[in-house]
Amino acid sequence: MSRLVYLLNGPNLNLLGKRQPAIYGHETLADVEADCRRLAGELGLELRFHQSNREYELIDWIHESRETAGALIMNPGAFTHTSIAILDALNTCDFPVIEVHISNVHKREEFRRHSYVSLRADGVIAGFGTQGYQLALRRAATLIDAAS
Ligand code: DQA
């Protein structure tokens, strides 16, 4: 089983730290990436960390992951609630998929309660702030270890 994990972030997450800090916190995406790289090293995982505001680019990375990855973690941002194309791409992957949301999407507007990505995700982490990414990485390591 590959120990390569893709961690994909969708639209507006490049503004993490500046964007609605009362909801998303003060950590930047660069802080999140640094924390995740440190933890991935400890867990013996290789990490590909990407962010894009473009749906097609996220889909291209999902396609790329199909060839090599052992797991994929994704915070699809608002595409969570709109993108059948991202769901279709994830449905072509045969490794664990973990959906992450920094905020508790169930405590917010009604439209955030529906996730297309959840129709494929093996697990969902929401509401634990940026720590959710690290929880997802630990889970990815557990699932990869179990399959190896
Ligand atoms: C988010 C929640 C989404 O509803 C929102 O559109 C985002 C971020 C989160 O991490 O809490 O952009 O995915």
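Residues numbered from 1 in each chain as written. Predicted model: local features only at pLDDT ≥ 70, side-chain atom pairs only at ≥ 80, totals over all residues. Heavy atoms only, no water.

1. A short note on helix H5 (residues 131-147)
So, step 1. Relative to the 24 Å expected for 17 residues at 1.5 Å per residue, H5 spans 25 Å between its end C-alpha atoms, a close match to the ideal helical length.
So, step 2. Contacts made by the buried residues of H5 are with strand E1 (4-9), helix H2 (29-43), strand E2 (46-51), strand E3 (71-75), strand E4 (97-101) and strand E5 (123-126). (Helix = DSSP H or I, 4+ residues; strand = E, 2+ residues; numbered from the N terminus. Expected span 1.5 Å × (residues − 1). Contact = heavy atoms within 4.5 Å.)

2. Structural notes on the nonpolar core
So, step 1. Within the largest apolar cluster, 25 residues are counted, with the highest numbers of intra-cluster contacts made by Val 5, Cys 36, Leu 47, Ile 73, Tyr 133 and Leu 137.
So, step 2. Residue assignment for this core shows that the elements contributing at least two residues are E1, H2, E2, E3, E4 and H5.
So, step 3. The leading source of residues in this core is H5, at six residues.
So, step 4. Ignoring sequence-local partners within four residues, the contact set of Ile 73 consists of Val 5, Tyr 6, Leu 7, Leu 8, Ile 98, Val 100, Ala 136, Leu 137 and Ala 140.
So, step 5. By size, the runner-up hydrophobic cluster in this structure holds 18 residues, among which are Leu 8, Ile 59, Leu 90 and Val 97. (Core = buried A, V, L, I, M, F, W, Y, C linked by side-chain atoms within 4.5 Å. Buried < 20%, exposed > 50% of the residue type's maximum accessible area, 1.4 Å probe, protein only.)

3. Focus: the sheet that holds E5
Either a parallel or an antiparallel arrangement is found when strands of a sheet pair, and the pairing is made through backbone hydrogen bonds.
So, step 1. Ordered in space as E2-E1-E3-E4-E5, the five strands form an open sheet in which the pairing is parallel. Strands at the two margins of the open sheet, each flanked by one partner only, are E2 and E5. Taken over all neighbouring pairs, the strand axes of this sheet differ in orientation by 15° on average, direction set aside.
So, step 2. Bridge count between E1 and E2: six bridges; the pairing is parallel. Pairing of Leu 8 across the sheet is with His 50, part of E2.
So, step 3. Along the sheet face, H2 touches E1 and E2 and points at about 165° away from the line of E2. (Pairing = 2+ DSSP bridges. Axes fitted to C-alpha atoms, helices over the stretch in contact; angles between N-to-C directions.)

4. Observations regarding the layout of surface pockets
So, step 1. Considering only enclosed or pocket space, the largest pocket measures out at about 160 Å³ in volume.
So, step 2. In this structure, the largest pocket is lined by 15 residues; those nearest its centre are Arg 19, Tyr 24, Gly 77, Ala 78 and Arg 112.
So, step 3. Taken together, the residues that form the lining of the largest pocket break down as six nonpolar, six polar and three charged. (1 Å grid on protein atoms, 1.4 Å probe; cavity = no way out; pocket = protein on both sides within 12 Å on 5 of 7 lines; lining within 4 Å. Points joined across faces, edges and corners; volume = space filled by probe spheres on them. Nonpolar A, V, L, I, M, F, W, Y, C, P; charged D, E, K, R; others polar.)

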